[in-house]
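# Coordinates in review
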Amino acid sequence: MVKVAYWDTEKSGPVPSVLGQIQGTPTIKLVRPKRKAKTNKQKDVIDYNRERKASDLETFALDLMPNFVERVNGEEDFEKFQKKARKYGLPMMLFFSEDRRIMNEIKFLST
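Residues numbered from 1 in each chain as written. Predicted model: local features only at pLDDT ≥ 70, side-chain atom pairs only at ≥ 80, totals over all residues. Heavy atoms only, no water.

## Details of the overall build of the chain
When helices and strands are tallied, the chain shows 3 helices and 2 strands. Going from the N terminus to the C terminus, the chain shows its helices and strands as β-β-α-α-α. Compactness check: the chain gives a C-alpha radius of gyration of 18 Å against a globular reference of 13 Å for 111 residues, more than 25% above the reference. C-alpha extents for the chain along the principal axes are approximately 55 × 30 × 20 Å. By the burial criterion, 11% of the 111 residues in the chain qualify as buried. Averaging the coordinates of the 22 positive side-chain charges in the chain and doing the same for the 16 negative ones gives two points 8 Å apart. (Helix = DSSP H or I, 4+ residues; strand = E, 2+ residues; numbered from the N terminus. Rg over C-alpha atoms; globule rule 2.2 N^0.38 Å. Buried < 20%, exposed > 50% of the residue type's maximum accessible area, 1.4 Å probe, protein only. Lys, Arg positive; Asp, Glu negative; His and termini not counted. Charge placed at Lys NZ, Arg CZ, Asp CG, Glu CD.)

## A short note on the layout of surface pockets
Here the largest pocket is characterised by a volume of approximately 1400 Å³. Lining the largest pocket we find 36 residues, and of these K3, A5, K29, L30 and V31 sit closest to its centre. At the level of secondary structure, the elements contributing two or more residues to the lining of the largest pocket comprise β1 (29–33) and α1 (54–64). Broken down by class, the residue content of the lining of the largest pocket amounts to 23 nonpolar, 4 polar and 9 charged. (1 Å grid on protein atoms, 1.4 Å probe; cavity = no way out; pocket = protein on both sides within 12 Å on 5 of 7 lines; lining within 4 Å. Points joined across faces, edges and corners; volume = space filled by probe spheres on them. Nonpolar A, V, L, I, M, F, W, Y, C, P; charged D, E, K, R; others polar.)

## Considering the pattern of salt bridges
This model, assessed by the stated rule, comprises 3 salt bridges. Residues D47 and K29 are paired through a salt bridge, measuring 2.6 Å at the closest nitrogen-oxygen approach. Pair noted here: D47 is in strand β2 (residues 43–47) and K29 is in strand β1, with a separation of 18 residues, a long-range link. A salt bridge links K84 to E70; the nearest nitrogen and oxygen atoms lie 3.1 Å apart. Taken together, the positions of K84 in helix α2 (residues 75–88) and E70 in the loop between α1 and α2 put the pair 14 residues apart, joining distant regions of the chain. Taking the relative accessible area as the measure of exposure, K84 reaches 41% and is therefore partly exposed. Under the relative-accessibility criterion, E70 is labelled partly exposed at 39%. (Salt bridge = Lys/Arg side-chain N within 4 Å of Asp/Glu carboxyl O.)

## A few points about a nonpolar patch on the surface
Taken together, the side chains of M93, F95, M103, F108 and L109 define a hydrophobic patch exposed on the protein surface, amounting to about 500 Å² of accessible area. Using a relative accessible area of 48% as the deciding quantity, one classes M93 as partly exposed. (Patch = residues over 30% accessible without salt bridge, like charges linked within 9 Å, V, L, I, M, F, W, Y side chains within 5 Å. Areas by Shrake-Rupley, 256 points an atom, 1.4 Å probe, with all protein chains shown as cover.)

## Some thoughts on α1
For α1, the complete set of buried residues consists of D56, F60 and A61. Projected down its long axis, α1 shows its buried positions confined to an angular sector of 130°, all on one face. Considering only its buried residues, α1 is in contact with β1 and β2. (Arc of directions from axis to C-beta. Contact = heavy atoms within 4.5 Å.)

In structure tokens, the structure reads:
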């Protein structure tokens, strides 16, 4: 899931420094927490440099979406998975596949 916002460059004032420079509009940037950062305040800002088509925007967002899918390798891992789900009151979904890559649709369900 991606939260989308609109920034009016004429009415909203200066752009926060974390977003970098805006050199013309439309400009599209993806902002996400840095991996392995100690706080959620540190951000990666990724510029969108593809065509302005819905399919390209969708691919860009999905490819950069965080992945919270856990890999289960055996009964012990499955028990840990169940315990964590019960602890936080989360529904569980198991996806069985021979393909080790995680499809974007499965990543989406994990967010």
